[in-house]
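Here's the letter readout for the chains.
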Amino acid sequence: MATLRRLAVALATAGTAVGGVLVTRAQGGLGNKELGQGGRDSGHLDPVEYGKTFDVGVIGGGIVGLATARELQLRHPHLRIVVFEKGSQVAEQQTGHNSGVVHSGVYYKPGSLRALLCTKGNALMYNYCEEHGIPTKRCGKLIVAVEEEEVPRLEGIFENGKQNKVPGLQWIEQGDIRHFEPHCKGVAAVYCPSTGIVDYAQVARTMAQEFEGLGGTILTSCKVVDLTGPAGEAADFGNGVRVHTQDHGNGFICAHIVSCVGAYSDKIAVMTGCAETPKMIGVRGEYLVLKPEKRHLVKGNIYPVPDPRVPFLGVHFTPRIDGSLWLGPNAVPAFAREGYSYSTINWGELWDAVSYIGYLRLALANADFGLRELYRSIRTAAQVKQLQRYIPELTLDDVEPGPAGVRAIALDEDGNLVKDFVFDSGTATAKGRVIHVRNAPSPAATSSLAIAEMVANRAQEEFKLPGSIQMPH
Ligand SMILES: Cc1cc2nc3c(=O)[nH]c(=O)nc-3n(C[C@H](O)[C@H](O)[C@H](O)COP(=O)(O)OP(=O)(O)OC[C@H]3O[C@@H](n4cnc5c(N)ncnc54)[C@H](O)[C@@H]3O)c2cc1C
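Residues numbered from 1 in each chain as written. Predicted model: local features only at pLDDT ≥ 70, side-chain atom pairs only at ≥ 80, totals over all residues.

## Quick notes on the overall build of the protein chain
Counting secondary structure elements, the protein chain contains 14 helices and 22 strands. Classification of the 473 residues of the protein chain by burial places 49% in the buried group. In the protein chain, the share of contacts with a sequence separation of at least 24, taken over all contacts with a separation of at least 6, comes to 75%. (Helix = DSSP H or I, 4+ residues; strand = E, 2+ residues; numbered from the N terminus. Buried ≥ 20, exposed ≤ 12 C-beta atoms within 10 Å, placed from the backbone. Contact = placed C-beta atoms within 7 Å.)

Written out as C-alpha cells, the structure is:
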C-alpha cells in the first residue's frame, strides 16, 4: 500500500519539481486570480510577493496540522501548501507533552468521531511508524476495577469497546490479572492488546520532513495574529485570506486556510467570523516518574475505570518508548493556555478563562474533584496513595516529580466539556475558504492520520481543490 501511495505521488509530481520547489501556478495551482491579489485592486494593503502566496495555509505545526498538511500535499502535489507555526520548531505544545499512548478506541461513544477516528487512526499510526522506522511498542493496556462497585462500569467499557470493534479485547477475572501485570491488584480488568506507545513528537517531526520533501513549506517562529480578506477587509474572504503574522510585514495570501492550533482554536476561528464558543481553556496534567530500579513493577499501560462524573480518564501508569515510566497525568488548573507550571501566568488568558460563564460552571460543578486534584498535586504522598490502589508495593520513595502537559479543552457555555472532535467550516464568505479543527483532545494524537484524511476529504469538496489524486489506503 505504501509503495502504491509513493508511486502515485511520484507520477503526479514527475517533471514539476524545480530546485526542490513545486512549480504550481501554471500546472494546476489555484493561480493569482483565485488567490485574490486584492491589494492591487483595492489599494488598501500592499500586495505580497510571489513567494508569500499559497494555495493552502495550515495554521499550527502540531501533529494534527502536520498530518493534514502532509495528506493534502500527497493528494495535491501541484498545490503550494504552507504550515505556519508560532514556535521555533514543530510539536512544541500538546504533541510534545503527552502520555504517548496509541489508544485503542475502547472508551468513546459508538458512532462518535472519536470512536471512528481513533480505531482507524490506531491502525494508521502503527503502519506509518513501521514504514518510517519510528519505534512503537504494542505493550497493551489493562483497565482495572479495584472495587466491586466499579465492575458494572468496566462491563460497560467492555461492551462499548466491542461495539467500536476494538480488536482482541479480553475480559480478565481477578485471578488472571497477575498474568498481565504481576504487581497489580484488582477485582476485574479489561485487556486491550492494540494499545501501545510511541513518541508523538518524533512522529510529527517525521511528518514535517516528509511534507517538506514533497515540496511543502514550513514557517516556524511565524505566529498568525489576524486573518482578513486579501486587501485587509475584515471578514470578507471572497477572494482569499490574508494571513497577518507577527514578524512578516504584509503577511501572506492563501486561497484557503486549515486551522489546527489546539489551545487557540477559538481565537483563530473568531478571526474568520465563526462563533467564539466552544471556548478553549487549559487544564494542566502533571506526571510523576518511577525511579529506574522500580520499573519492573509495571509492564504495560495500567488505567483506572474512569469516573463518569469526571471528564478525564484518571491517573495511569504508562511506559515510555525511551524505557522510562510515567504516572499521571492529574488535572489541575493552568494559568495560561500553554502554562506548564504554576509559575507560568498569562493574566490576559487567565481573565479570559475565569470571566467565561462556562468555566465558572465547570469549576463549581467539579469543585470537589478539583480540590482533591490540587491537594494531590501539592502532596505527592496523597497521589502515591491513589496509585497504590493498583500497585500496592509502590512507595513515596519510588517516584520523583516529572514533566507536565496542558490539555486544550473545549467548553460550552453550560460548563460541559465538548468531548468529541469538532470541525467548523465557517459561514458567509469564509465558507469554502476555511476549515477549523476546533476541538482535538485526546486521542487526537492517535487519530491524527485519520483526522487528516477526513479534513483532506472536506477540503477537496469544500475548497474544490484541483489536481487531486486518489490515494490508495
Ligand atoms: C497531558 C496530555 C496527555 C495526552 N495523552 C495522549 C495520549 O496518550 N494519546 C493521544 O492520542 N493523545 C493524547 N493527548 C492529546 C494529544 O496530545 C492532542 O490531542 C494532540 O497533540 C493535539 O494535536 P494538535 O496538533 O491539535 O495540537 P498541538 O500539538 O497543541 O499543536 C497546535 C500548534 O499550533 C500552534 N499555534 C497555536 N496558535 C498559533 C498561531 N496563532 N499561529 C501559529 N501557530 C499557532 C502551536 O504552537 C502548536 O504547535 C494528551 C494531551 C495531553 C495534554
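## Brief notes about the sheet that holds strand 10 (residues 196-198)
Read from one edge to the other, the open sheet built from three strands follows the order 5-10-6, with strand pairing classed as antiparallel. What marks the edges here is a single partner per strand, and that holds for strand 5 (101-102) and strand 6 (136-137). Sheet topology note: the strand 5/strand 10 ladder contains two bridges and is antiparallel. Residue pairing across strands places Val102 opposite Gly196, the latter belonging to strand 10. (Pairing = 2+ DSSP bridges.)

## Considering helix 6 (residues 151-163)
In this model helix 6 runs 18 Å from its N-terminal to its C-terminal C-alpha over 13 residues, within 8% of the 18 Å that 1.5 Å per residue would give. Among the residues of helix 6, those classed as buried are Leu154, Phe158 and Gly161. Across the axial projection of helix 6, the buried residues extend over an arc of 65°, all falling on one side. Exposed residues lying more than 90 degrees from the buried face of helix 6 are Pro152, Glu159 and Gln163. Buried residues belonging to helix 6 abut strand 7 (141-145), strand 8 (170-173) and strand 9 (188-192). At the exit of helix 6 stands Lys165, carrying a positive phi of roughly 60°. (Expected span 1.5 Å × (residues − 1). Arc of directions from axis to C-beta.)

## Describing the site of the ligand
In the vicinity of the ligand, 40 residues are found, and the nearest of them are Gly60, Gly62, Gly262, Gly405 and Ala444. Among the elements of the structure, helix 4 (63-75), strand 20 (399-411) and helix 14 (444-462) are those that each provide at least two residues to the shell around the ligand. When the residues that make up the shell around the ligand are grouped by side-chain class, the tally is 17 nonpolar, 18 polar and five charged. Viewed by domain, the shell around the ligand spans two of them, domain 1 (2-94 + 201-278 + 420-462) and domain 2 (280-415), each represented by three or more residues. (Near = placed C-beta within 6 Å. Nonpolar A, V, L, I, M, F, W, Y, C, P; charged D, E, K, R; others polar. Domains from an automatic or database assignment.)

## Let's talk about the packing of helix 4 against helix 14
Pairs of packed helices are described in terms of their axes, by the angle between the two and the distance that separates them. Put simply, helix 4 and helix 14 touch, their axes get as near as 8 Å, and they point 40° apart. By the angle between their axes, helix 4 is oblique relative to helix 14. In this structure, helix 4 meets helix 14 at a crossing whose hand is right-handed. Here Ile63, Val64, Ala67, Thr68, Arg70, Glu71, Leu72 and Arg75 of helix 4 come into contact with helix 14, specifically with Ala444, Ala445, Ser448, Leu449, Ile451, Ala452, Glu453, Val455, Ala456 and Ala459. (Axes fitted to C-alpha atoms, helices over the stretch in contact; angles between N-to-C directions. Parallel < 35°, antiparallel > 145°, perpendicular 65-115°, else oblique. Left-handed = near helix turned anticlockwise from the far one by under 90°.)

## Brief notes about the pairing of strand 7
Burial of strand 7 is extensive: five of the five residues sit out of reach of the surface. Note: strand 7 against strand 9, five bridges, orientation antiparallel. The partner of Lys141 across the bridge, within strand 9, is Cys192.

## Details of unusual backbone geometry
At the junction of Thr277 and Pro278, the peptide bond is cis and its omega measures out at 5° in the coordinates. Take Pro278: it is sitting in the loop between helix 9 (265-271) and strand 15 (279-290). In this chain, Gly328 is followed by Pro329 through a cis amide linkage whose omega measures -5°. Here Pro329 is to be found in the loop between strand 18 (325-328) and strand 19 (332-333). Within the chain, Ala428 stands out as a residue other than glycine whose phi angle is a positive 50°. You can see Ala428 is positioned in the loop between strand 21 (422-424) and strand 22 (434-439). Here the phi dihedral of Lys464 falls at roughly 55°; this positive angle occurs in a residue that is not glycine. Within the secondary structure, Lys464 sits in the segment after helix 14. For Lys464, a count of 12 C-beta atoms within 10 Å corresponds to the exposed category.

## Quick look at the packing of helix 5 (residues 113-131) against helix 14
It is the contact of helix 5 with helix 14, at a shortest axis distance of 6 Å, that shows an interaxial angle of 105°. By the angle class used here, helix 5 and helix 14 are roughly perpendicular. Listed contacts from helix 14 to Leu117, Cys118, Lys120, Gly121, Asn122, Leu124, Met125 and Tyr128 of helix 5 are Thr446, Ser447, Ser448, Leu449, Ala450, Ile451 and Met454. Its residues assigned to classes, the contact of helix 5 with helix 14 comprises nine nonpolar, five polar and one charged.

## Things to note about the nonpolar core
Grouped together as the largest cluster of nonpolar side chains are 123 residues, with contacts concentrated most on Leu66, Ala189, Ala204 and Ile451. Here this core takes 10 residues from helix 14, the largest share from any one element. Mapped onto the domain boundaries, this core takes at least three residues apiece from domain 1 (2-94 + 201-278 + 420-462) and domain 2 (280-415). The contacts of Ala189, once residues within four sequence positions are left out, are Leu142, Ile143, Val144, Ala145, Ile172 and Ile177. (Core = buried A, V, L, I, M, F, W, Y, C linked by C-beta atoms within 7 Å.)

## Re the pairing of strand 22
Most of strand 22 is tucked away, with six of its six residues classed as buried. The pairing of strand 21 with strand 22 spans three bridges and is classified as antiparallel. By the bridge assignment, Asp424 is partnered in strand 22 with His436.

## Describing the confidence of the model for the protein chain
Here the protein chain averages 90 in pLDDT, and 89% of its residues register 70 or above. In the model, residues 1-28 has pLDDT below 50 throughout and makes 39 contacts with residues more than four positions away in sequence or in other chains. Confidence drops under a pLDDT of 50 for residues 31-43, and excluding neighbours within four residues, the segment shows 27 contacts in the predicted structure. (pLDDT = per-residue confidence, 0-100.)

## Topic: the environment of Gln383
In this fold, Gln383 is placed in helix 13 (residues 380-388). A sequence separation of 55 residues divides Gln383 from Gly328, and the C-alpha atoms of the two residues are 9.3 Å apart.

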